[in-house]
Amino acid sequence: MSIKTVAIIGCGIGRSHIVEGYLPHPDKFKVATLCDLNEERLKQIGDEFGIDKRTTSFAEVLADDSIDIVDICTPPGIHLEQVVAALQAGKHVICEKPLTGSLAGVDQIMRVEKTARGVLMPIFQYRYGDGVEKAKRIIEARIAGRPYMGSVETFWLRTPDYYAVPWRGKWATELGGVLVTHALHLHDMLLHLMGPASRVFGRVATRVNDIEVEDCASASLLMQNGAFVSLSCTLGSQQEISRLRLHFENVTFESNHEAYSPGKDPWTILAANDRVQREIDAVIGDWQPVAPRFTTQMAHFHAHLEGRGPLPVSTQDARRALELVTAIYQSSDSGQDIPLPIGADSPKYADWRARTQ
Ligand SMILES: NC(=O)c1ccc[n+]([C@@H]2O[C@H](COP(=O)([O-])OP(=O)(O)OC[C@H]3O[C@@H](n4cnc5c(N)ncnc54)[C@H](O)[C@@H]3O)[C@@H](O)[C@H]2O)c1
């Protein structure tokens, strides 16, 4: 097994990637370089973790042959250009959410991936943890039966000090609000567990903070499998919770309510009867605990690079989540129920922010 050398680009959430994603795996990763435009931050994080190579130049990182993985943790508005440049430089790439701000942008990245030497993994760390992974295993074993209904709640709190960071709250730099930056995680978990949506009706509004982008949204989804799902999200909840509750014919699942780690145990997993419970016990009885969030996502990425497993999160997964965002914005603007997939003929394919410009 080889140790992959990592450069972190952007030392905000990049610090959590170090703590949760890389330090627990010294046999798999070495964070060799930090890149940030903010020299004070570079020094602070570099000193904290003893990372000596520090630079403000992204181009310098791409030109460094000793770097295997470029981990992009910069503001959303520059993800597209940095992902494309890093793939074209022959690097493996990890990119924070949102991968980019339009389906056209994701499709451009997919075209670049076709000829790239490296592999791109978007971040969706909420998929990892004992609770969500047990639910996934039970559903994949076809024990849950027909899906009926789901509700997904992202009830978080953001106050004006959060928006003191200049890129936040603006269409040009954050690319969207609660749908793009916060609820995207829970919505990815839903799609991961219940599959794609086929119709979407949505509403968005800015009600909590004095910002350009939405901070409240609700949507009604018809899934391809026939289930109905309601999504609700706000950044004005005085108690922060995340919650998925999914009702299938044979099993009801409910996540824990921890706002930033709903994938962890305990999940409520209710079987319809003893027979179903025995089937559940048969597939998760020998459960080996998994670490939540970045710890497991990064470990799976390393295994994939070593040829020992699938890519844990693909660009197609990011596309599916961003297609849902596009559909909710399009529905909110038009008052229409939006059919998926969204093609290049959609008014929001090239840029979902079309109404604001
Ligand atoms: N997965 C998660 O749970 C999670 C949590 C927080 C943020 N994020 C995402 O991570 C990204 C960054 O968010 P954040 O909260 O860390 O923001 P932040 O502003 O705290 O940090 C971003 C850093 O990037 C640096 N930067 C900006 N442009 C750069 C460039 N061209 N080259 C190098 N460095 C540059 C900034 O100086 C800053 O230090 C966003 O896309 C955000 O949505 C994800």
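Since this is a predicted model, take the numbers as computed values, not measurements.

Q: I keep staring at the domain arrangement of the chain and nothing clicks. Help me out?
A: Interface size, as often reported, equals the accessible area lost upon joining of the parts. Domains assigned within the chain are domain 1 (4–124) and domain 2 (126–308). If you average the C-alpha positions of domain 1 and of domain 2, the two centres end up 25 Å apart. Looking at the side of domain 1 facing domain 2, the largest losses of area belong to E20, K97 and F124, adding up to 31% of the total buried there. At the boundary of domain 1 with domain 2, the tally comes to 2 salt bridges. Counting only elements with at least two residues in the side of domain 1 that touches domain 2, the list comes to α1 (13–22), β4 (69–72), β5 (92–95) and β6 (120–122). In terms of residues, the side of domain 1 that touches domain 2 owes the most to one element, α1, which gives 6 residues.

Q: What is the right way to look at the sheet that holds β4 in this model?
A: Neighbouring strands of a sheet are bound in pairs by backbone hydrogen bonds; such pairs are parallel or else antiparallel. The strand order across the open sheet formed by 6 strands is β3-β2-β1-β4-β5-β6, and the pairing between neighbours is parallel. The outermost strands of the open sheet, each flanked by one partner alone, are β3 (53–55) and β6. This sheet shows a mean twist of 25° between the axes of neighbouring strands, independent of strand direction. The pairing of β5 with β6 spans 3 bridges and is classified as parallel. Bridge pairing in β6 places V93 opposite L120. The strands touched by helix α2 (residues 39–49) within the sheet are β2 (29–35) and β3, with β3 carrying the most contacts at an inclination of about 165°.

Quick notes on the rules
Residues numbered from 1 in each chain as written. Predicted model: local features only at pLDDT ≥ 70, side-chain atom pairs only at ≥ 80, totals over all residues. Heavy atoms only, no water. Domains from an automatic or database assignment. Buried area = accessible area lost by both parts, 1.4 Å probe. Salt bridge = Lys/Arg side-chain N within 4 Å of Asp/Glu carboxyl O. Helix = DSSP H or I, 4+ residues; strand = E, 2+ residues; numbered from the N terminus. Pairing = 2+ DSSP bridges. Axes fitted to C-alpha atoms, helices over the stretch in contact; angles between N-to-C directions. Contact = heavy atoms within 4.5 Å.

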